[in-house]
Amino acid sequence: MHLFLIYTVDGITNGMVYAAVALALVMIWRATRIINYAQGAMAMFTTYIALIVIRHGAPYWLGFVVALATGLVIGAVTERVLVRPVESRPPLNAVILSLGVLILLEAIAPMLFGGQTQSFPVPVSNTDLLVGGTSLDISPFALFTIGAVLIAMLLLFLVFQRTTLGLRMRAAAFNPEIARILGIRVGRMLTLGWGLAALLGALAGMLAAPSVYLYPSNMDEVLVFGFTGAIIGGLESPVGAVAGAVGVGLALSYVSGYVGSDLAPLGGFAILIVVLMLRPQGLFSFGRQRQV
Amino acid sequence: MLEISDLTVAYGGVIALENVSLSVPEGSITAVLGANGAGKTTLVRTISGLIKPRHGSVMLGTQQLVGRSPEAIARLGVGHVPEGHGIVSELTVDENLRLGGLWRRDRADQRVAIEEAYELFPPLRVRRAVHASNLSGGERQMLSIGRAMVARPTALLLDEPSLGLAGGLLAQIMQRLVALVTERKLSVLLIEQNARSALSVADQAVVLSLGKVELRDRADRLAGDDALRHAYLGF
Ligand SMILES: Nc1ncnc2c1ncn2[C@@H]1O[C@H](COP(=O)(O)OP(=O)(O)OP(=O)(O)O)[C@@H](O)[C@H]1O
Ligand SMILES: [Mg+2]
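Cut-offs applied
- Residues numbered from 1 in each chain as written.
- Chains lettered and ligands numbered in written order.
- Predicted model: local features only at pLDDT ≥ 70, side-chain atom pairs only at ≥ 80, totals over all residues.
- Heavy atoms only, no water.
- Contact = heavy atoms within 4.5 Å.
- Buried area = accessible area lost by both parts, 1.4 Å probe.
- Salt bridge = Lys/Arg side-chain N within 4 Å of Asp/Glu carboxyl O.
- Polar contact = N/O pair within 3.5 Å; in protein donor to acceptor, adjacent residues only side chain to side chain.
- Helix = DSSP H or I, 4+ residues; strand = E, 2+ residues; numbered from the N terminus.
- Nonpolar A, V, L, I, M, F, W, Y, C, P; charged D, E, K, R; others polar.
- Buried < 20%, exposed > 50% of the residue type's maximum accessible area, 1.4 Å probe, protein only.
- Pairing = 2+ DSSP bridges.
- Near = heavy atom within 4 Å.
- Areas by Shrake-Rupley, 256 points an atom, 1.4 Å probe, with all protein chains shown as cover.
- Donors = N, O, S within 2.8 Å, 3.2 Å for Na, K, Ca; no water.
- Core = buried A, V, L, I, M, F, W, Y, C linked by side-chain atoms within 4.5 Å.

1. Some remarks on the interface of chain A and chain B
How big an interface is tends to be stated in terms of the accessible area lost upon association of its parts.
Working step 1: Across the boundary between the two partners, chain A contributes 20 residues, which contact 26 residues of chain B.
Working step 2: Carbon and sulfur atoms supply 58% of the area that chain A and chain B bury against each other, a total of about 2200 Å² over both sides.
Working step 3: The three residues of chain A that bury the most area against chain B are Leu167(A), Ile181(A) and Leu182(A), which together make up 30% of that side's buried surface.
Working step 4: Where chain A meets chain B, there are 3 salt bridges.
Working step 5: For Glu177(A), the salt bridge is made with Arg45(B), and the minimal N-O distance between the two is 2.6 Å.
Working step 6: Our enumeration of links across chain A and chain B arrives at 5 residue pairs in polar contact (both at pLDDT 80 or more).
Working step 7: Elements with a minimum of two residues in the side of chain A that touches chain B: helix H6 (164–174) and helix H7 (176–181) of chain A.
Working step 8: Classifying every residue of the side of chain A that touches chain B by side-chain character gives 9 nonpolar, 4 polar and 7 charged.

Spelled out as structure tokens, the structure:
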């Protein structure tokens, strides 16, 4: 029973990191009908930049802010420079594009940052909290991870649902043509949407790096797990994506705890394959026809 | 004044509009009639900037619209009620209305404009928090027109607003529209297949056929002349 509790806390903590990635994927999917396979690689990149900042003696929090800001910029620039030209093209172009960005980022990262695995600092302790000699089975860093992702989600929710900027962004995503004839600068909204998604990815990168370490493909698995969560959630629903990703986190934690930690990544891929098989329409037909 | 001159539009190599000229004075309604595929939707989408013409000009007052983006054209005062309503069904009625004037700086007047839209179409008020996907056809049409009005346009393009509406409701909506046109000095381009209802509210009428202007006349004269009506409008 105690073990179950430990695995559950672990699963939720990891699941929240996957959820940030899943939510980023859903935001980009809804705005531009593209699966951003480079989401993880972008996060790897911004995490390296944070590490450089921190290694130069800056406090963790400055590195944290720099990572998120860099994410915002990388996402926005990617949309503006690379995605915009393929937006009106067949979906396959966008797939190749996002795979291309993934490969590119993972190829230049070793040149810029070195290829070896690096440890990554935590802002607060990641050993379990003790109260009167008994362990609470959760570390301050795990609490920080869960809290940071929850706060990010809450802020995004408020921006999208409660501000006119959010209303513009939703309209641009739901129906770009109608948004344009209503005077909304759709291009800018999509750029911003990509930027916010990459910012969320950058957060995931910062939260994952202390446990998965930092190397050019360190986010590959996190991306697959986040992607699986997003697919389970139907790819259209932010809430579904978060729930799906936390579910994946829990499932992997139980597999790794009760069956064997070597099997956890395999377990993740197995879930993904099963989910994809249960969706015989395949990856390109998630977009239900929007009704006008 | 909305003035279209010599407008030619092609899809690939296929001409959809050929040297179309027409003008819509302030405070008046010009009906554009024509059969399926005549080019009516192409005309309003070109005015809105959604389609780039091969050549020709579209002037709104002193501003050339050709070459500008749809968002810029909307901001210059062109309201477009697209074919099939074009409401955003994932958003609520109120959000749809707010969308209409989001680009405007004057937030206070924006709220006034939304209030006016609810006064114009009272059925929308009780449905304000409802997702637009739950609206009836008539409510959708009201929402689409109301939303265009929130931006306080000087020109209004209506693409088959009668589609899917019961006659009584259509007459009601048209009546409110006519009142608005004189009050706000709107230039309205009213696209219709249903010539009878369009002619009853329009000042002038243009008949499009295979992308060309086939006939242009005062609406009352066209409606009253049996021979013309039979020949061009088939009723
Ligand atoms: N996106 C497009 N690509 C190619 N051809 C098109 C396109 N849209 C319209 N057309 C063609 O252009 C011509 C004019 O179409 P348009 O939609 O403007 O007609 P319409 O008068 O609005 O017809 P309806 O009464 O059915 O709405 C038609 O022959 C149509 O097939
Ligand atoms: Mg049409």
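2. Here we look at the pattern of salt bridges
Working step 1: All told, the structure shown has 16 salt bridges over all chains when counted by the stated rule.
Working step 2: The salt bridge partner of Glu95(B) is Arg170(A), with a shortest N-O separation of 2.9 Å. Of this pair, Glu95(B) sits in helix H3 (residues 93–100) while Arg170(A) is found in helix H6, placing the two residues in two different chains. Judged on exposure class, the residue Glu95(B) and its partner Arg170(A) are both buried.

3. Focus on the pairing of strand S2 (residues 14–24) of chain B
All names here are of chain B.
Working step 1: Summarising the sheet, strand S1 (residues 2–11) and S2 pair through 7 bridges and their orientation is antiparallel. By the bridge assignment, Ala-10 is partnered in S2 with Ile-15.
Working step 2: Counted between consecutive antiparallel strands, the loop separating S1 from S2 contains 2 residues, among which Gly-12 sits at a positive phi close to 60°.

4. Focus on the site of ligand 1
Residues and elements named next belong to chain B.
Working step 1: Not every one of the 13 residues close to ligand 1 is listed here, only the nearest: Asn-36, Lys-40, Thr-41, Thr-42 and Glu-83.
Working step 2: In the environment of ligand 1, an oxygen atom lies 2.7 Å from a nitrogen or oxygen atom belonging to the side chain of Asn-36.
Working step 3: Gly-39 has a polar backbone atom sitting 3.0 Å from an oxygen atom of ligand 1.
Working step 4: Contact with the protein chains covers 57% of the free accessible surface of ligand 1, which is 630 Å².
Working step 5: Here the shell around ligand 1 gets 3 residues from one element, more than from any other, and that element is helix H1 (residues 40–47).

5. Concerning the coordination of the magnesium ion (ligand 2)
Working step 1: At 1.8 to 2.4 Å from the magnesium ion (ligand 2) lie its protein donor atoms, namely Thr41(B) (OG1) and Glu83(B) (OE). One end of the pair, Thr41(B), is in helix H1; the other, Glu83(B), is in the loop between strand S6 (78–81) and H3, and 42 residues separate them in sequence.

6. A short note on the nonpolar core
Working step 1: Core analysis: the largest hydrophobic core is formed by 104 residues, its most contacted members being Met44(A), Phe120(A), Leu200(A), Leu203(A), Leu207(A), Met219(A) and Leu99(B).
Working step 2: For this core, the element with the most residues is helix H1 (residues 2–32) of chain A, which contributes 16 residues.
Working step 3: Excluding residues within four positions of it along the chain, Met219(A) makes contact with Val21(A), Gly40(A), Ala43(A), Met44(A), Ala204(A), Gly205(A) and Ala208(A).
Working step 4: Of all hydrophobic cores here, the second largest spans 45 residues; its members include Leu120(B), Ala132(B), Met142(B) and Ala205(B).

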